[in-house]
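# Close look at the chain arrangement
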Amino acid sequence: MKKNTIIYSLLVFLVIMNMFFLYNYMFKPTNINEQRQQNNKDFIVSELGFSEEQKAEFRKKSISHHEAMRRLNDEIKILKDELFGKLSDDMVNDGVIDSITSLIGEKEKSKEQEVFRHFKMIQELSNDKQKEKFKMIIMDALRRNDRGANRIPPPPREENNRIRPPRN
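Note that the structure is a prediction, hence the values are computed from the model and not measured.

By size, the foremost hydrophobic cluster in this structure holds eleven residues: Ile44, Val45, Leu48, Phe50, Phe58, Met121, Ile122, Leu125, Phe134, Ile137 and Ile138. For this core, the elements supplying multiple residues, two or more each, are helix 2 (32–48), helix 4 (94–125) and helix 5 (128–146). Residues in contact with Leu48, not counting those within four places in the same chain, are Ile122, Ser126, Gln130, Lys133, Phe134 and Ile137.

Structure below.
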């Protein structure tokens, strides 16, 4: 009988754990990008100390920005799928490749313009003190980006500027 209680206890434990994981899987935000976007919105609102009126205006205007960014990202993904779908073709026309990459470049340009317009909207919502704080946030982000936080460092070089082979 003692063996059965241990088995039943383990069974109950496993059922509870499965329910917990199912709940987390079904009711948590599935898109990490959406969660990151929400965190970015919250960061801007809290750092700049927006009033309730500014928050409402910010949320209202941000909706169209996020829709535009999602649309552009989807279009870029479709173009990249088309581009890399050409890898398996025996004969690849350079004109087609140039055309697709040009379209991708135009979409990336549109994304950068949309981001600029969004930041401009935030600046226009801000009072003078908030504008200064926002300028500092943007400059800090640009400096952090310039430092290449995600950049791979260059390989080490020897005295005569040749790349040193890796050590085993």
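Let us now look at the side chain of Lys111. You can see Lys111 is positioned in helix 4. By relative accessible area, Lys111 is classed as buried at 16%. Leave out the neighbours within four places in its chain, and Lys111 touches Met69, Leu72, Asn73 and Ile76.

Moving on to a nonpolar patch on the surface. Residues Tyr8, Leu11, Val15 and Met19 make up a contiguous nonpolar surface patch of about 440 Å² in total accessible area. Tracing the backbone shows Met19 in helix 1 (residues 2–27).

A separate point is the confidence of the model for the protein. Averaged over the protein, the pLDDT score is 82; the fraction of residues at 70 or greater is 74%. The lowest-confidence element of the protein is helix 2, averaging 71 in pLDDT; the highest-confidence one is helix 4, averaging 93.

For an α-helix, the turn length of 3.6 residues means that residues three or four places apart are oriented alike. Counted at 1.5 Å a residue, the expected span for helix 3 (residues 52–85) with its 34 residues is 50 Å, and the 48 Å between its end C-alpha atoms agrees. Maximal helix bending in helix 3 amounts to about 25°, located at Ser62. Within the span of helix 3, buried status applies to Gln54, Lys55, Phe58, Ser62, His65, His66, Ala68, Met69, Leu72, Ile76, Leu79 and Leu83.

Quick look at the environment of Ser51 now. Looking at the element boundaries, Ser51 is found in the loop between helix 2 and helix 3. On the accessibility criterion, Ser51 (34% relative accessible area) is partly exposed. Counting along the chain gives 75 residues from Ser51 to Ser126, while the straight-line C-alpha distance between them is 9.7 Å.

This brings us to the pattern of salt bridges. The final tally for this structure, using the stated rule, is nine salt bridges. Linking Glu52 and Lys55 is a salt bridge whose minimum nitrogen-to-oxygen distance equals 3.3 Å. Taken together, the positions of Glu52 and Lys55, both in helix 3 and three residues apart, correspond to about one turn of that helix. For Arg71, the salt bridge goes to Glu75, with nearest N and O atoms at 3.4 Å. Placement of the pair is Arg71 and Glu75 together in helix 3, with a separation of four residues, close to one helical turn. Salt bridges sharing partners connect three or more residues here, namely Glu57, Lys60 and Lys61.

All right, on to the packing of aromatic side chains then. Applying the stated criterion across every chain, the model contains two aromatic pairs. Ring geometry for Phe50 versus Phe58: centroids 5.9 Å apart, planes at 65°, classification edge-to-face. Look at Phe58 and you get buried, because its relative accessible area is 2%. Their ring planes at 70° and their centres at 5.9 Å tell us that Phe119 and Phe134 sit as a pair that is edge-to-face. Placement of the pair is Phe119 in helix 4 and Phe134 in helix 5, with a sequence separation of 15 residues. The class of Phe119 is partly exposed, set by a relative accessible area of 33%. Of the residues examined, Phe134 reaches a relative accessible area of 5% and is grouped as buried.

Conventions used here
- Residues numbered from 1 in each chain as written.
- Predicted model: local features only at pLDDT ≥ 70, side-chain atom pairs only at ≥ 80, totals over all residues.
- Heavy atoms only, no water.
- Core = buried A, V, L, I, M, F, W, Y, C linked by side-chain atoms within 4.5 Å.
- Buried < 20%, exposed > 50% of the residue type's maximum accessible area, 1.4 Å probe, protein only.
- Helix = DSSP H or I, 4+ residues; strand = E, 2+ residues; numbered from the N terminus.
- Contact = heavy atoms within 4.5 Å.
- Patch = residues over 30% accessible without salt bridge, like charges linked within 9 Å, V, L, I, M, F, W, Y side chains within 5 Å.
- Areas by Shrake-Rupley, 256 points an atom, 1.4 Å probe, with all protein chains shown as cover.
- Salt bridge = Lys/Arg side-chain N within 4 Å of Asp/Glu carboxyl O.
- pLDDT = per-residue confidence, 0-100.
- Expected span 1.5 Å × (residues − 1).
- Bend = angle between axes of the 7 residues up to and from the residue.
- Phe/Tyr/Trp six-rings, centres within 6.5 Å; stacked < 30°, edge-to-face > 60°.

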